[in-house]
Amino acid sequence: MEQSLAGKIAVVTGAAQGIGRAIAVKLSAHGATVVLADLEPSTETAALIGGESLIRTLDVSNYDQWRELAEVMDTAYGRADIVVNNAGIYPIASIDEVDEALWQKTMSVNLDSHFYSAKAFLPLMRRHRWGRFINISSNSIGLVALGLSHYIASKMGVIGFVRGLANEVAADGITVNAVLPALTETPGTAGMPLDRKTGGWQMQAIKRFAQPEDIAAPVAFLAGEDAGFITGQSIVVDGGLYKIS
Ligand SMILES: NC(=O)c1ccc[n+]([C@@H]2O[C@H](COP(=O)([O-])OP(=O)(O)OC[C@H]3O[C@@H](n4cnc5c(N)ncnc54)[C@H](O)[C@@H]3O)[C@@H](O)[C@H]2O)c1
């Protein structure tokens, strides 16, 4: 039987589509109440969930909006147990094309947001001495992927923050882990050249294009009681592409 997340309150960022949507649906299927946070209203995700969910617009790069979200959840539920930092951008640009604005935006959406989520939600988690941060990084940090220097830097930063934060909050009953997906079939990757996509998954041991649900399942595992002794880890979910070197 799948572990239950009944009674848990979760927030998933970037829940309007793609991997975030699959994570929200999966957490809900395990019994969690899920807050769907995105720049765009997560209406279709809410419809898929069918039961209880709360749609919130949130720009993850805005600290004030994070604090507001934590207040809203405290008022509505009196707790927040699971934070999935999934929202991210991956504009492909060579180092000659990346300007300061693109660098800063990538860092702000992909990395600063994780810090903001911790600052906003740690007090609520500490109140109940239980919490889960699951932060989406990427397997591209270990691959020869062109046009992603800014992105890889941000996703490596996620891993560093996960490691450091895990050390600091373990005594509060809070775990912090990173999930590193493969190139995954989402609206965000739809416009990518086909040869880049197939070239990616053909190098995997499991030779198929990753689906959002492939990523959502391990996230749901990390969110539950069964993963209570796993923290500070970076878990690669990529069909066996990434190699330890
Ligand atoms: N799809 C892949 O191949 C892949 C591979 C490895 C890692 N990832 C990571 O997984 C995550 C999700 O990827 P995806 O492919 O599902 O993305 P996607 O582009 O399909 O969806 C991203 C969602 O995040 C939202 N978003 C973007 N900026 C935001 C902001 N500032 N505030 C709030 N929401 C914002 C968008 O509105 C969108 O709904 C990202 O962090 C990405 O880096 C994706």
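For clarity, every value in this text was computed on a predicted model and none was experimentally measured. (Residues numbered from 1 in each chain as written. Predicted model: local features only at pLDDT ≥ 70, side-chain atom pairs only at ≥ 80, totals over all residues. Heavy atoms only, no water.)

Draft legend 1. View of helix α3 (residues 63–77). Taking 1.5 Å per residue as the helical rise, α3 with its 15 residues ought to reach 21 Å, and the 21 Å between its terminal C-alpha atoms agrees with that figure. Taken together, the buried positions of α3 are Trp66, Leu69, Ala70 and Met73. The arc that holds every buried residue of α3, seen down its axis, measures 100 degrees, which confines them to one face. For α3, the exposed residues set more than 90 degrees away from the buried face come down to Glu71 and Thr75. Looking at the packing, one finds that the buried side of α3 touches β1 (9–13), β2 (33–38), β3 (53–57), β4 (82–85) and α4 (100–128). Taking the backbone nitrogen of Asp64 as reference, a side-chain oxygen 3.0 Å away marks Asn62 as the first, capping residue of α3. (Helix = DSSP H or I, 4+ residues; strand = E, 2+ residues; numbered from the N terminus. Expected span 1.5 Å × (residues − 1). Buried < 20%, exposed > 50% of the residue type's maximum accessible area, 1.4 Å probe, protein only. Arc of directions from axis to C-beta. Contact = heavy atoms within 4.5 Å. Polar contact = N/O pair within 3.5 Å; in protein donor to acceptor, adjacent residues only side chain to side chain.)

Draft legend 2. Highlighting the nonpolar core. Counting residues in hydrophobic clusters, the biggest one holds 36 residues, and the most contacted among them are Val11, Trp66, Leu69, Met73, Phe121 and Phe133. At the level of elements, β1, β2, α3, α4, α5 (149–169) and β6 (174–181) are the ones that each hand at least two residues to this core. Counting residues in hydrophobic clusters, the runner-up holds 28 residues, among them Ile19, Ile134, Val219 and Ala227. (Core = buried A, V, L, I, M, F, W, Y, C linked by side-chain atoms within 4.5 Å.)

Draft legend 3. Main features of the environment of Gly7. Tracing the backbone shows Gly7 in the segment before β1. As for Gly7 and Thr43, which are separated by 36 residues in sequence, their C-alpha atoms are 23 Å apart. Setting aside residues no more than four positions away along its own chain, Gly7 makes contact with Gly31, Arg79 and Asp81.

Draft legend 4. Examining the packing of aromatic side chains more closely. Applying the stated criterion across every chain, the model contains four aromatic pairs. An angle of 15 degrees between the planes, with centres 4.9 Å apart, marks the rings of Tyr63 and Tyr116 as stacked. Of this pair, Tyr63 sits in helix α3 while Tyr116 sits in helix α4, and the two are 53 residues apart along the sequence. By relative accessible area, Tyr116 is classed as buried at 16%. Ring centres of Tyr90 and Tyr151 lie 6.0 Å apart, and the angle between their planes is 70 degrees; this geometry places the pair in the edge-to-face category. Here Tyr151 lies in helix α5 and Tyr90 lies in the loop between β4 and α4, a separation of 61 residues in the sequence. (Phe/Tyr/Trp six-rings, centres within 6.5 Å; stacked < 30°, edge-to-face > 60°.)

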